[in-house]
Amino acid sequence: QNSELSLLTINTLRKDANDRNPTVRGLALRSMSSLRIPNIVEYIQQPLQAGLQDKSAYVRKTAVMGVVKLFYVAPEVINDLNLVDVLYQMLRDNDPYVICNCLSALEEILANEGGMVITKKIAHYLINRLRDFSEWGQCQILQLLLRYKCEDEEE
């Protein structure tokens with residue numbers, strides 16, 4: 001019966017993930033990704049991917065954190081859907097909260113590999129955008145930039 005109930009719940013949340021209201025879409029994604037049930041992972045993938053490309057920053061930042069939750073339930077799906085690459089691409093998002101969530105997500109997903117890779121391009125981009133972030137976001141970025149290794153003496 002729990003399996004049937006979880007499928008009914010997922011179907012309702014999937015419908016809500018397509019709602020016109022971004023708050024409803026975001027809450028649907030948050031609720032879906034909080035259901036840590038391995039047999040419903042296949043139903044969460046499509047709405048989560050759509051949420052990462054949503055026009056609403058709230059939905060995108062919620063979807064990014066949903067990727068982290070999905071990672072703990074089904075880490076292989078993260079690789080199958082190339083979600084790490086998507087998160088790296090999303091570092092170019094216009095919204096600083098989406099970027100901060102991407103940084104946190106990449107750090108958590110790539111923790112076993114030493115965290116996210118800070119390239120020269122990423123470092124320069126984050127430094128140039130630093131004033132756009134909240135104090136918490138600035139601290140997070142500065143903490144990440146401490147790991148950056150210069151490529152040569154000139155740099």
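Residues numbered from 1 in each chain as written. Predicted model: local features only at pLDDT ≥ 70, side-chain atom pairs only at ≥ 80, totals over all residues. Heavy atoms only, no water.

## Here's the deal with the pattern of salt bridges
Our working definition: Every case where a carboxyl oxygen of Asp or Glu lies within 4 Å of a side-chain nitrogen of Lys or Arg is listed as a salt bridge. Helix numbering and strand numbering both begin at the N terminus, where a helix is a DSSP run of H or I of at least 4 residues and a strand a DSSP run of E of at least 2. Between buried and exposed lies partly exposed: a residue is buried under 20% and exposed over 50% of the maximum accessible area for its type, with that area taken using a 1.4 Å probe on protein chains only.
This structure, assessed with the given rule, holds 4 salt bridges. Of the charged contacts, one joins Glu107 and Arg147 as a salt bridge, the two residues approaching to 2.9 Å between their closest N and O atoms. With a gap of 40 residues between them, Glu107 in helix H7 (residues 96–109) and Arg147 in the segment after helix H9 (135–145) connect regions that are remote in the sequence. On the basis of relative accessible area, Arg147 is assigned to the partly exposed category, the value being 33%.

## Some remarks on a negative patch on the surface
The test is simple: Patch members must show over 30% relative accessible area and no salt bridge, and they are joined within 9 Å when carrying like charges or within 5 Å when they are nonpolar side chains of Val, Leu, Ile, Met, Phe, Trp or Tyr. For every accessible area listed, the method is Shrake-Rupley and the probe measures 1.4 Å; residues are considered covered only by the protein chains on display. Neither His nor the chain ends contribute to the count of charged residues, in which Lys and Arg are positive and Asp and Glu negative. Each charge is placed at NZ for Lys, CZ for Arg, CG for Asp and CD for Glu.
Side chains of Glu151, Asp152, Glu153 and Glu154 sit close together on the surface and give a patch of like negative charge. Within the secondary structure layout, Asp152 lies in the segment after H9. We classify Asp152 as partly exposed; its relative accessible area is 44%.

## Examining the packing of helix H3 (residues 41–52) against helix H4 (residues 57–73)
Condition: Here the axes come from fitting lines to C-alpha atoms, over the contacting stretch only for helices, and the angles between their N-to-C directions go from 0 to 180 degrees. Orientation labels follow simple angle bins: below 35 degrees gives roughly parallel, above 145 gives roughly antiparallel, 65 to 115 gives roughly perpendicular, and whatever is left gives oblique. In this scheme the crossing of two helices becomes right-handed for a clockwise turn of the near helix relative to the far one and left-handed for an anticlockwise turn of less than a right angle. Only heavy atoms matter for contacts: two residues are in contact if any of them lie within 4.5 Å across the pair. Gly falls in the polar group here, along with every residue not listed as nonpolar (Ala, Val, Leu, Ile, Met, Phe, Trp, Tyr, Cys, Pro) or charged (Asp, Glu, Lys, Arg).
Across the interface, H3 lies against H4 with an axial gap of 8 Å and an inter-helix angle of 150°. Taken together, the axes of H3 and H4 are roughly antiparallel relative to one another. Judged by the sense of rotation from one axis to the other, the crossing of H3 with H4 is left-handed. Residue-level contacts link Val41, Leu48, Gly51 and Leu52 of H3 to Val59, Arg60, Ala63, Val64, Gly66, Val67, Leu70 and Val73 of H4. Its residues assigned to classes, the contact of H3 with H4 comprises 9 nonpolar, 2 polar and 1 charged.

## Quick look at unusual backbone geometry
Notably, Asn82 is not glycine yet its phi reads approximately 55°, a positive angle. By the element assignment, Asn82 lies in the loop between helix H5 (75–80) and helix H6 (83–89). A relative accessible area of 46% places Asn82 in the partly exposed class.

## A short note on the side chain of Asp95
The condition is simple: Under this definition, polar contacts are N or O atom pairs within 3.5 Å; protein pairs additionally need one hydrogen-donor-capable and one acceptor-capable atom, and for neighbouring residues in sequence, both atoms have to be side-chain atoms.
Looking at where Asp95 falls in the secondary structure, it is placed in the loop between H6 and H7. Here Asp95 is buried and forms no salt bridge, its nearest opposite-charge partner Arg60 lying at an N-O distance of 5.5 Å. Here the side chain of Asp95 touches Tyr97 through a polar contact of 2.9 Å, landing on its backbone nitrogen. Within the local environment of Asp95, its side chain forms a polar contact with the backbone nitrogen of Val98, the two atoms lying 3.1 Å apart. Residues in contact with Asp95, not counting those within four places in the same chain, are Ala57, Arg60 and Arg129.

## Looking at the nonpolar core
Soluble globular proteins tend to pack their nonpolar side chains together in the buried interior. So the rule is basically this: Residue types Ala, Val, Leu, Ile, Met, Phe, Trp, Tyr and Cys, when buried and joined through side-chain atoms within 4.5 Å, form a set referred to as a nonpolar core.
With 46 residues, the main nonpolar core has Val67, Ile78, Leu87, Leu91, Leu103, Ile109 and Met116 as its most contacted residues. Sort the elements by how many residues they give to this core and H7 lands first, with 8 residues. Look past the residues within four positions of Ile78 in its chain and what remains in contact with it is Val67, Leu70, Phe71, Leu83, Val84 and Ile109.

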